[in-house]
Amino acid sequence: MPSNIPGVQQAWRAVGRGTPSEALRFETNVPVPRELGEGEVLVKIHAASISQAGWKIMRWMPWIFIQRPYTPEFDFAGVVVDHNNTHFSVGDKVFGTDDNLPTSSLHQGTLAQYIRIPASKVLPLPSDTTPSQASGIPGSALTAYRGLFEVGGLEAGQSVFINGGSSSVGIFAIQLAKAKGCRVVASASGKNEELVRSLGADDFIDYTLAPLSQTLSSNPQYPKFNLILDAVGLVDPSLYTSCEAYLAPNGIFVSTGPQPQVWGEVLTVFKLFWNVSMRPTWLGGVRRKWTFYSTGLKPEVLETITQLVSDGKVKPIVDSVYPFEDVVNAYEHLMTYRAGGKVIVMVDREAN
Ligand SMILES: NC(=O)c1ccc[n+]([C@@H]2O[C@H](COP(=O)([O-])OP(=O)(O)OC[C@H]3O[C@@H](n4cnc5c(N)ncnc54)[C@H](OP(=O)(O)O)[C@@H]3O)[C@@H](O)[C@H]2O)c1
């Protein structure tokens, strides 16, 4: 093991259940995981992105599933400091993700200076990409890819409606669908129209002007969409319940997962599940498939995405960059649901 690796590091630790401002503590004496298992590398983290899942786990996940204290978050970019006889070399600039991080026995995540991680979950930085850009790629891009192609079955030449074209997932979904040769219509509020169109969307809908189901029903799509990817996680069922007007008969409605933000929305989620799973068509049930999914790391998919980024076909979009000390404010911003791209934390201020 290289001798210049310190014994302790700075890291954010979730010490209790609550919002980030309630649950997080900045610690300066967290052990660096210097003892590596076979096939693992040690990465010094330059930048980490934060996620909706990150704060939701912090806020809601019971002790039985995740023991505190742990370091939150999954995605990072940095430099290999111990290659441990893997195919990497010390000094390689890399990025990656580990969907097991906070729940693993190490209780580690990426809001820390060092991470011990299997080399299979790490890739060289895409060409012409900064650590802050690269750290925002894995989780959102993998979610977009899975929703479009693995769950949604979208094929070249088909047509997709992406609800939430300026969300981190939606931003990748637009670009991945265009790279595949699909027609893309996407929604956001008017302030994000330029962003959504710049990503390649063929058409844009401002969802604040009228209910989407109404706009789409009164402007028939020819041909109808093959896929609706809800990259917001709507709890309101109306985009689905009206979709026979704009989703092809063998099309599919795929959601990143309806998540109530306030207690009052829990009833709306039950209404959605009644409509998608129980309501028979003779009682007005919808003759279209609805499903939701959770993402996961497939190294070969992340390689495909990395190649598309290196080729300039997919651009990572950064909404904002916060210093390592300012993680709580970074989460406060993310939790407004108004970010237009990834919210990044610069763990190493010297790195970019
Ligand atoms: N299933 C999984 O494994 C998985 C993985 C990742 C994320 N997710 C979920 O996917 C959702 C999106 O995550 P994210 O990280 O991409 O979120 P995000 O980047 O924080 O989303 C913020 C964006 O959403 C847009 N937005 C908010 N409400 C909207 C609405 N009603 N219609 C259209 N656009 C809207 C906002 O645009 P405007 O300001 O223009 O409204 C803003 O640009 C979250 O619910 C998250 O939990 C699930």
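To be clear, the structure that these remarks concern was listed above.
The numbers attached to residues start from 1 for each chain and follow its sequence in the written order. Local features are withheld for residues below a pLDDT of 70 in this predicted model, meaning they are given only at 70 or higher, and side-chain atom pairs are given and counted only at 80 or more; totals for whole chains, interfaces and linings count all residues. Hydrogens and water are ignored here; the side-chain numbers use all heavy atoms of the structure.

A. The site of the ligand, seen in detail. A molecule or strand has a residue near it when one of that residue's heavy atoms lies within 4 Å. As a matter of local geometry, the ligand sits amid 27 residues, with Gln-52, Ser-189, Lys-191, Tyr-207 and Ala-339 nearest to it. Whenever two N or O atoms come within 3.5 Å, that pair is a polar contact, provided that in protein one can donate a hydrogen and the other can accept it, and provided that, for residues adjacent in sequence, both atoms are side-chain atoms. Between Val-169 and the ligand, the recorded distance is 2.9 Å, taken from a backbone N or O atom to an oxygen atom. The Shrake-Rupley method, run with a 1.4 Å probe sphere, supplies the accessible areas, and residue values consider only the shown protein chains as cover. In the complex, 90% of the free accessible area of the ligand, which totals 930 Å², lies under the protein chains. By the criteria applied, helices consist of DSSP H or I runs no shorter than four residues and strands consist of E runs no shorter than two, each listed in order from the N terminus. Looking at the shell around the ligand, the elements with two or more residues in it are α2 (52-60), α5 (168-180) and β9 (183-188). Gly counts as polar in this scheme, as do all residues outside two lists: the nonpolar Ala, Val, Leu, Ile, Met, Phe, Trp, Tyr, Cys and Pro, and the charged Asp, Glu, Lys and Arg. Each residue belonging to the shell around the ligand can be placed in one class, and the counts come to nine nonpolar, 15 polar and three charged. If you count residues domain by domain, the shell around the ligand takes at least three from each of domain 1 (8-137 + 317-346) and domain 2 (140-292). Domain start and stop points were drawn from an automatic or database domain assignment.

B. Looking closely at the side chain of Arg-13. Here Arg-13 shows up in strand β1 (residues 8-14). Summary of buried charges: Arg-13 has no salt-bridge partner, and the nearest side chain of opposite charge, Glu-27, is 4.2 Å away. Ignoring any residue separated from it by four or fewer positions in sequence, one finds Arg-13 in contact with Ala-23, Leu-24, Arg-25, Glu-27, Val-30, Pro-69, Tyr-70, Thr-71 and His-107. Here the term buried applies to any residue with accessible area under 20% of the maximum for its type, exposed to any over 50%, and partly exposed to those in between, with areas from a 1.4 Å probe on protein chains only. Within this scheme the basic residues Lys and Arg register as positive and the acidic residues Asp and Glu register as negative, but His and the chain ends are omitted. Every case where a carboxyl oxygen of Asp or Glu lies within 4 Å of a side-chain nitrogen of Lys or Arg is listed as a salt bridge. In what follows, residue pairs with any heavy atoms lying within 4.5 Å of each other are defined as contacts.

C. View of the packing of helix α4 (residues 138-151) against α5. A fitted line through C-alpha atoms serves as each axis, taken over the contacting stretch for helices, and the angle formed by two N-to-C directions is quoted from 0 to 180°. Following both chains from N to C, one finds α4 and α5 inclined at 55°, their axes separated by 8 Å at the closest point. Here α5 runs oblique to α4, going by the angle between their axes. Seen along the crossing, α4 lies across α5 with a hand that is right-handed. Packed against α4, whose contacting residues are Ser-140, Ala-141, Thr-143, Ala-144, Tyr-145, Leu-148 and Phe-149, the element α5 presents Ser-168, Val-169, Phe-172, Ala-173, Leu-176, Ala-177 and Lys-180 at the interface. Among the residues forming the contact of α4 with α5, the class breakdown is ten nonpolar, three polar and one charged. Any angle between 65 and 115 degrees counts as roughly perpendicular, while under 35 counts as roughly parallel, over 145 as roughly antiparallel, and the rest as oblique. Definitions for this section: a left-handed crossing has its near helix turned counterclockwise from the far helix by less than a right angle. A right-handed crossing has that turn clockwise.

D. Structural view of the sheet that holds β9. Strand order in the open sheet made by the six strands is β10-β9-β8-β11-β12-β13, with parallel pairing throughout. The sheet is open, and its two edges are formed by β10 (203-206) and β13 (289-292), each paired on a single side. Taken over all neighbouring pairs, the strand axes of this sheet differ in orientation by 15° on average, direction set aside. Along the sheet, α5 contacts β8 (159-163), β9 and β11 (225-230); its crossing angle with β9, the most-contacted strand, is approximately 165°. Only strands that DSSP links by at least two bridges are regarded as paired with each other.

E. Examining helix α11 (residues 327-334) more closely. Among the residues making up α11, those that are buried are Val-327, Ala-330, Tyr-331 and Leu-334. Along the axis of α11, the buried residues cluster in a sector spanning 95°; they form a single face. The inward-facing, buried residues of α11 contact β1, α1 (20-23), β2 (24-31), α2, β14 (318-323) and β15 (342-346). An arc is given here, and it is the one of the directions from the helix axis to the C-beta atoms.

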